[in-house]
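A structural walkthrough
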Amino acid sequence: MAIYRVRSLLALSKCKSNFSTYFLQSFSVRRLSASTTPPQSQQVGFIGLGNMGSRMANNLIKAGYEVTVHDLNRSAMKLFSERGILTKESPFEIAETSDVVITMLPSSANVLDVYTGPNGLLRSGHVLRPWLFVDSSTIDPQTSRRLSVAVSNCSLKEKKHNRETPVILDAPVSGGVLAAESGTLTFMVGGLEEAYFAAKSLFLSMGEKTIYCGGAGNGSVCSLTCLKL
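Given the structure is predicted, the values throughout are model-derived calculations rather than measurements.

Parameters and conventions
Residues numbered from 1 in each chain as written. Predicted model: local features only at pLDDT ≥ 70, side-chain atom pairs only at ≥ 80, totals over all residues. Heavy atoms only, no water. Buried < 20%, exposed > 50% of the residue type's maximum accessible area, 1.4 Å probe, protein only. Helix = DSSP H or I, 4+ residues; strand = E, 2+ residues; numbered from the N terminus. Arc of directions from axis to C-beta. Contact = heavy atoms within 4.5 Å. Axes fitted to C-alpha atoms, helices over the stretch in contact; angles between N-to-C directions. Parallel < 35°, antiparallel > 145°, perpendicular 65-115°, else oblique. Left-handed = near helix turned anticlockwise from the far one by under 90°. Nonpolar A, V, L, I, M, F, W, Y, C, P; charged D, E, K, R; others polar. Core = buried A, V, L, I, M, F, W, Y, C linked by side-chain atoms within 4.5 Å.

Those residues of helix H3 (residues 74–81) that fall on the buried side of the exposure criterion are Ala76, Met77 and Phe80. One face of H3 carries all of its buried residues, which in axial projection span an arc of 95°. Among the exposed residues of H3, those pointing more than 90 degrees away from its buried face are Arg74, Ser75 and Leu79. Packing partners of the buried residues in H3 comprise helix H2 (53–62), strand S3 (66–70) and strand S4 (86–87).

Below is the structure:
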């Protein structure tokens with residue numbers, strides 16, 4: 001696993017070098033101080049409790065966020081419910097009770113189903129409770145941009161952070177299961193810059209670095225490029 005960690009860091013370094021003429025001139029690497037306190041009133045929904053997602057959700061809980069979880073795998077949800085963590089039966093139910101929703105799923109098809117399927121996050125139509133969606137799945141940039149358009153066409157039930165419309169960030173990760181466990185992931189983030197800054201406490205509760213990659217889909221572009229190196 002140590003070899004995997006080294007390779008992952010080397011791949012990320014190569015990615016930065018190869019993108020220097022395109023994205024990386026506008027990248028910013030940010031860290032939060034250990035004294036930063038997450039907003040206790042913010043309800044966070046987390047969907048996808050696999051090897052990576054379960055550990056990411058655990059770190060959010062440790063950081064003090066109020067987390068509600070969902071997964072198709074009932075055994076995965078049971079591990080959380082036994083610890084007193086709220087669970088929901090569908091993505092739609094997660095959206096109904098969350099201010100922020102984070103998804104960590106295996107494929108583009110899974111992501112589309114969770115967001116736009118019959119019981120998806122956007123099922124309620126054009127009026128949503130969550131002001132922010134974060135997709136940390138490793139998927140194709142076209143899907144990330146498609147979701148960005150779908151989310152931006154919605155409005156918020158209540159204005160939050162001076163916003164009247166919700167926003168989504170594509171934020172795939174580098175680091176693997178060990179980094180997810182230890183909270184040392186690197187997030188490559190695409191989307192609205194002001195949303196990126198507003199969400200950085202979330203990212204740095206699950207990881208140690210964030211890289212802002214520019215507009216919607218650019219986080220996915222960087223992640224896939226790193227995987228190919």
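There is more to say after this.
Attention now goes to the packing of helix H5 (residues 108–116) against helix H6 (residues 141–152). The interhelical angle for the contact between H5 and H6, taken along N-to-C directions, is 10°, at an axis separation of 10 Å. It follows from the interaxial angle that H5 and H6 lie roughly parallel. Between H5 and H6, the residues in contact are Ser108, Val111, Leu112, Tyr115 and Thr116 and Thr143, Arg146 and Leu147, respectively.

Remark: H2 packs on helix H8 (residues 193–206), axes separated minimally by 8 Å, with the N-to-C direction vectors making an angle of 115°. The angle between the axes of H2 and H8 places the two elements in the roughly perpendicular class. Helix-helix and strand crossings are classified by hand; for H2 and H8 the assignment is right-handed. Together, Met56, Asn59 and Leu60 of H2 and Leu202, Ser205 and Met206 of H8 make up the contact between the two elements. Here the residues of the contact of H2 with H8 are counted per class, giving four nonpolar, two polar and no charged.

Glancing now at the nonpolar core. Residues Phe46 and Leu132 are the most contacted members of the largest nonpolar core, which totals 38 residues. When neighbours within four sequence positions are excluded, Phe46 is seen to be in contact with Gly53, Met56, Ala57, Leu60, Val67, Thr68, Val69, His70, Ile102, Met104 and Met206.

The values reported here are purely geometric and, on their own, carry no functional implication.
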